[in-house]
Amino acid sequence: MKKIQNWNVRYFKQMKNKKAQMKIQEMAFVLIALFLLFSMAFIFYVKLKSSSLERTSYELKQSKALSILDKVVAMPELSCSKSLGKESLCIDEDKLKAMNTIELNGYKELWRGIKEIKIKKIYPADEEFIVHSSEIKDYESYSSFTRICKQRYENTAFYQCSIGIVLISI
Amino acid sequence: MKKKAQEEMFGFVIIAVLIAVAGMMFLLLQKPQQKELRNDQTSNLLYSIISYSSSYNNKPLGEVIEECDLCDKDCIMCDTAERELEEILSIAQREGGFISGNQINGYILNVSGYKELVVKDGELIGDKIGNFVIIQSGKDIIVTLYIYH
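Small disclaimer: the values here were computed from a predicted structure and weren't measured.

1. What about the interface of chain A and chain B?
So, point 1. In this complex, chain A contributes 36 residues to the contact, which on the side of chain B involves 34 residues.
So, point 2. Interface of chain A and chain B: buried area, both sides summed, is about 2800 Å²; carbon and sulfur atoms make up 59% of it.
So, point 3. When the buried surface of chain A facing chain B is broken down by residue, Y123, F145 and I163 of chain A rank first, second and third, together holding 24% of it.
So, point 4. Across the contact surface, chain A and chain B share one salt bridge.
So, point 5. Where K120 of chain A meets E95 of chain B, a salt bridge forms, and the shortest distance between an N and an O atom there is 2.8 Å.
So, point 6. Summed over the shared surface of chain A and chain B, the result is eight residue pairs in polar contact (both at pLDDT 80 or more).
So, point 7. Listed by contribution, the elements that provide at least two residues to the side of chain A that touches chain B are α1 (2–74), β2 (116–123), β4 (141–154) and β5 (156–169) of chain A.

Okay, structure coming up:
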């Protein structure tokens, strides 16, 4: 009788152990599944954020380049003479030709961080002027339109304007 | 035992659904980025266009458009303006200066005063950016340019 009792106790102890193991296993699976779910959500969120970050960085670079473009066009070394009236917000072709042929040391500080500045006449004629160029060739370019005007004289002085594009590489 | 397993699975599904709903709410409540419609590059192009010295008596294209708007018949200036606008926009697109880093689907330029002049090319689909410029004359002439990308 005592033997049977001992066997019963052992049997129930073993059963309880197995049930506990099952519970632990179940818990482990639930935890693994939750971990996977959270990691998937996190990866999705990070991907979403990084794509918007890339876009923001591109837009910031672009706005920096465009502000440099505006400065280049407004430089007295390049801009049209105000004495000729309303065409003052343009690039003087003669000044541009002069800048194209001389590389002034004084401008090195001004062009710091800029790899290349190119000004191109696109309509009606095609002509290219390089205002600044460095040896580094791996860069991003941004562009904007401008007017390139040439002083002419027919009784009075006036500007004859073409459409141009300013390309800046940073 | 079977019922308990079903209950556990049901609980897990509820947790998964709750997390998914919370995630969706989080994504939906994020402030949507406002797309900028106005663009400096198109504005610069428009100003360059109206002050470009056209082949019509060397006059700025803006003035040619102004004269065309008031012209009734035999309007050579209108033909010149239309032809030059078409050429300029096509070259501008080829040079890639419309919008840096974007593929262009098409563009439309609209000159509206007493007369209407439209220059367009490509497919007018996708996001659009643009700008306008006003030529002040008897009746203000509005030149609008939209780029689709």
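The structure having been displayed, the exposition proceeds.
2. Overview of the side chain of S53 of chain B
So, point 1. Take S53 of chain B: it is sitting in the loop between α2 (40–51) and α3 (61–70).
So, point 2. Polar side-chain contacts of S53 of chain B include one of 2.7 Å to the backbone nitrogen of C161 of chain A.
So, point 3. When near neighbours in sequence (up to four residues on either side) are disregarded, S53 of chain B contacts Y159, Q160 and C161 of chain A together with N58, K59 and P60 of chain B.

3. So, the pattern of salt bridges
Residue and element names in this part refer to chain A.
So, point 1. Counted according to the given criterion, the structure contains seven salt bridges over all chains.
So, point 2. Residue D94 pairs with K150 through a salt bridge whose shortest N-O separation is 3.3 Å. Of the two residues, D94 sits in helix α2 (residues 93–101) while K150 sits in strand β4, which places them 56 residues apart along the sequence.
So, point 3. According to the relative accessible area criterion, K150 is partly exposed, its value standing at 30%.
So, point 4. A cluster of three or more residues bridged by salt bridges with shared partners is formed by E93, K97, K121 and E127.

4. Focus: the sheet that holds strand β3 (residues 128–135) of chain B
All names here are of chain B.
So, point 1. As summarised here, the arrangement of the four strands in space is β2-β1-β4-β3, forming an open sheet in which the pairing is antiparallel. Whereas interior strands pair on both sides, the edge strands pair on one side only; in this sheet they are β2 (116–122) and β3. When the angles between neighbouring strand axes are averaged without regard to direction, this sheet yields 10°.
So, point 2. Bridge analysis of strand β1 (residues 106–112) against β2 gives seven bridges, and the strand direction is antiparallel. Residue pairing in the sheet places S112 in a bridge with E116 of β2.

5. Notes on unusual backbone geometry
So, point 1. In this model, Y123 of chain A is joined to P124 of chain A through a cis peptide bond whose omega is 5°.
So, point 2. With respect to the element layout, P124 of chain A can be found in the loop between β2 and β3 (127–133).
So, point 3. Positive phi values are uncommon outside glycine, yet N57 of chain B reaches one of about 55°.
So, point 4. By relative accessible area, which is 58% here, N57 of chain B ends up exposed.
So, point 5. Unusually for a residue other than glycine, N58 of chain B sits at a positive phi of about 65°.

6. A look at the packing of aromatic side chains
So, point 1. A full pass over the atoms with the stated rule returns one aromatic pair over all chains.
So, point 2. The cationic tip of K128 of chain B hangs over the ring face of Y146 of chain B; the distance from NZ or CZ to the ring centre is 4.1 Å.

7. Re the state of the cysteines
Residues and elements named next belong to chain B.
So, point 1. Following the criterion strictly, the structure yields four disulfides over all chains and no others.
So, point 2. At a sulfur-sulfur separation of 2.1 Å, the disulfide partner of C68 is C78. As the torsion about the S-S bond is roughly 110°, the C68-C78 disulfide counts as right-handed. Residue C68 is located in helix α3, and its partner C78 is located in helix α4 (residues 76–95); the two are separated by ten residues in the primary sequence.

8. Some points on a negative patch on the surface
Residues and elements named next belong to chain B.
So, point 1. Taken together, the side chains of D79, E82, E86, E87 and D121 define an acidic patch exposed on the protein surface.
So, point 2. No other element matches α4, which puts four residues into the negative patch.
So, point 3. Summarising the element assignment, D79 is placed in helix α4.

9. A look at the side chain of T144 of chain B
All names here are of chain B.
So, point 1. Within the secondary structure layout, T144 lies in strand β4 (residues 141–148).
So, point 2. Classification of T144 by relative accessible area gives buried; the value is 15%.
So, point 3. Apart from the residues lying within four places of it in its own chain, the contact partners of T144 are I108, L109, N110, N131 and F132.

Definitions and cut-offs
Residues numbered from 1 in each chain as written. Chains lettered and ligands numbered in written order. Predicted model: local features only at pLDDT ≥ 70, side-chain atom pairs only at ≥ 80, totals over all residues. Heavy atoms only, no water. Contact = heavy atoms within 4.5 Å. Buried area = accessible area lost by both parts, 1.4 Å probe. Salt bridge = Lys/Arg side-chain N within 4 Å of Asp/Glu carboxyl O. Polar contact = N/O pair within 3.5 Å; in protein donor to acceptor, adjacent residues only side chain to side chain. Helix = DSSP H or I, 4+ residues; strand = E, 2+ residues; numbered from the N terminus. Buried < 20%, exposed > 50% of the residue type's maximum accessible area, 1.4 Å probe, protein only. Pairing = 2+ DSSP bridges. Axes fitted to C-alpha atoms, helices over the stretch in contact; angles between N-to-C directions. Phe/Tyr/Trp six-rings, centres within 6.5 Å; stacked < 30°, edge-to-face > 60°. Lys NZ or Arg CZ within 6 Å of the ring centre and 35° of its normal. Disulfide = S-S within 2.5 Å. Patch = residues over 30% accessible without salt bridge, like charges linked within 9 Å, V, L, I, M, F, W, Y side chains within 5 Å. Areas by Shrake-Rupley, 256 points an atom, 1.4 Å probe, with all protein chains shown as cover. Lys, Arg positive; Asp, Glu negative; His and termini not counted. Charge placed at Lys NZ, Arg CZ, Asp CG, Glu CD.

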